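Residue strings, one per chain:
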Amino acid sequence: TTQIDIGVVSDVGSMGEAIIDSNVAYVSATSGIWAMNPGATSATPLMTTEADRISISGNYVYFVSEATDNPSIGKVPKTGGDAGAVVTLASGTDFLTLPSSISADTEFVYVTDEGDTTDQSSGKLIRCPVAGCGTNNADAVILSKGNNPRVVFDDVDAIYWGERVGRIWKLAK
């Protein structure tokens, strides 16, 4: 295995996650989401507010923000042309406590919300349409409750998530 330096994204703050899509690296951080072509000397900011975890589907980078004052689920265009044009899909401390992972397909966004990490019965796995969770998050579906879910990913057939205690789950789409 050969390690290749694809560049530096400066002033990102604390990094959250990096993923590659169509030869573009997307990086989430406390300072936002950045897009960078391998070998480039600079990165394009797609947004400049906190993004902890990211997922890509179609023309959007989907993200969760664990900001304690207003945790949220959102999306931003993959192109730099609309930098800062964030679409909030869901938000609010009444709905989200500690969103920690996100996965998106062409129809839905799946998010794990750990809930209160001192209470193993809290947390949930949420599904929202990619267009948004609706007024007051009414279009969100709770697919599972409890056990502090931490990570989520999906394929064409199922959604998979893991809990803080180590158990892994699968649910057919």
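Look above for the structure.
If you're wondering where the values come from, they're calculated on a predicted model, not measured in any experiment.

Chemist: I'd love a proper account of the sheet that holds strand β7 (residues 72-77), names of residues and values included.
Modeler: An order of β5-β6-β7-β8 is seen for the four strands of this open sheet, with the pairing classed as antiparallel. Unpaired on one side and paired on the other, β5 (53-57) and β8 (87-91) mark the two borders of the sheet. If you compare each strand with its neighbour and ignore which way they point, the axes differ by 20 degrees on average. Bridge count between β5 and strand β6 (residues 60-65): five bridges; the pairing is antiparallel. By the bridge assignment for β6, Ile56 is matched with Val61.

Chemist: A description of the packing of aromatic side chains should follow, citing residues and the corresponding values.
Modeler: Applying the stated rule across the entire model yields four aromatic pairs. Between Trp161 and Trp169, the ring centres sit 6.4 Å apart and the planes meet at 15 degrees, which makes this aromatic pair stacked. Assessed through its relative accessible area of 6%, Trp161 is described here as buried. Taking relative accessible area as the criterion, Trp169 reaches 35% and is therefore assigned partly exposed. One residue, Lys75, lies across the ring of Tyr60, its end atom 4.3 Å from the ring centre. Arg127 extends its terminal NZ or CZ atom over the ring of Phe108, reaching a point 4.3 Å from the ring centre.

Chemist: Residue-level account of the environment of Asp105, with values.
Modeler: Structurally, Asp105 is set in the loop between β9 (99-104) and β10 (108-113). Overall, the relative accessible area of 16% leaves Asp105 in the buried class. Residues Asp105 and Ser55, spaced 50 residues apart in sequence, show a C-alpha to C-alpha distance of 9.0 Å. Look past the residues within four positions of Asp105 in its chain and what remains in contact with it is Ser57, Tyr110, Val130, Asp154 and Lys173. Separated by 2.9 Å, the side chain of Asp105 and the backbone nitrogen of Glu107 make a polar contact.

Chemist: How would you explain the nonpolar core if you had to name every residue and give the values?
Modeler: Counting 16 residues, the largest nonpolar core has Tyr62, Ile73, Ile102 and Val109 as its most contacted members. Broken down by secondary-structure element, the contributors of at least two residues to this core are β6, β8, β9, β10 and β11 (124-129). Apart from the residues within four sequence positions on either side, Val109 is in contact with Tyr62, Ile73, Leu89, Ile102, Ser103, Ala104, Ile126, Arg127, Cys128 and Val130. Judged by nonpolar contacts, the second largest core, of 12 residues, contains Val24, Ile33, Ala35 and Phe63.

Chemist: Now, about the environment of Met36: what can you tell me, with residues and values included?
Modeler: Assignment of secondary structure puts Met36 in strand β3 (residues 32-36). Owing to a relative accessible area of 3%, Met36 belongs among the buried residues under this scheme. In the structure, Met36 is positioned 11 residues away from Ala25 in sequence and 5.1 Å away in space, judged by C-alpha atoms.

Chemist: Quick one: what's the story with the pairing of strand β15 (residues 168-172), residue by residue and with numbers?
Modeler: Counting buried positions along β15 yields zero of five residues, so the element is predominantly exposed. As paired strands, strand β14 (residues 158-163) and β15 are joined by five bridges and run antiparallel to one another. Across the sheet, Ala158 pairs through a bridge with Ala172, a residue of β15. With antiparallel pairing between neighbouring strands as the criterion, β14 and β15 make up a hairpin whose turn holds four residues, including Gly166 at a positive phi of roughly 105 degrees.

Chemist: Kindly report on the side chain of Lys75, identifying the contributing residues and their values.
Modeler: Structurally, Lys75 can be placed in strand β7. Of the polar contacts made by the side chain of Lys75, one reaches the backbone oxygen of Val130; its length is 3.0 Å. Residues within four places of Lys75 in sequence aside, it is in contact with Tyr60, Val61, Tyr62, Phe63, Ala85, Val86, Val87, Leu89, Val130 and Ala131.

Chemist: Tell me about the state of the cysteines, and please be specific about residues and values.
Modeler: Among covalent bonds in proteins, the disulfide is the one between the sulfur atoms of two cysteines. This structure, assessed with the given rule, holds one disulfide. Two residues share a disulfide in this structure: Cys128 and Cys133, whose sulfurs sit 1.8 Å from each other. Between Cys128 and Cys133, the S-S dihedral sits near 105 degrees, and the bridge is therefore right-handed. On the accessibility criterion, Cys133 (0% relative accessible area) is buried.

About the criteria used
Residues numbered from 1 in each chain as written. Predicted model: local features only at pLDDT ≥ 70, side-chain atom pairs only at ≥ 80, totals over all residues. Heavy atoms only, no water. Pairing = 2+ DSSP bridges. Helix = DSSP H or I, 4+ residues; strand = E, 2+ residues; numbered from the N terminus. Axes fitted to C-alpha atoms, helices over the stretch in contact; angles between N-to-C directions. Phe/Tyr/Trp six-rings, centres within 6.5 Å; stacked < 30°, edge-to-face > 60°. Buried < 20%, exposed > 50% of the residue type's maximum accessible area, 1.4 Å probe, protein only. Lys NZ or Arg CZ within 6 Å of the ring centre and 35° of its normal. Contact = heavy atoms within 4.5 Å. Polar contact = N/O pair within 3.5 Å; in protein donor to acceptor, adjacent residues only side chain to side chain. Core = buried A, V, L, I, M, F, W, Y, C linked by side-chain atoms within 4.5 Å. Disulfide = S-S within 2.5 Å.

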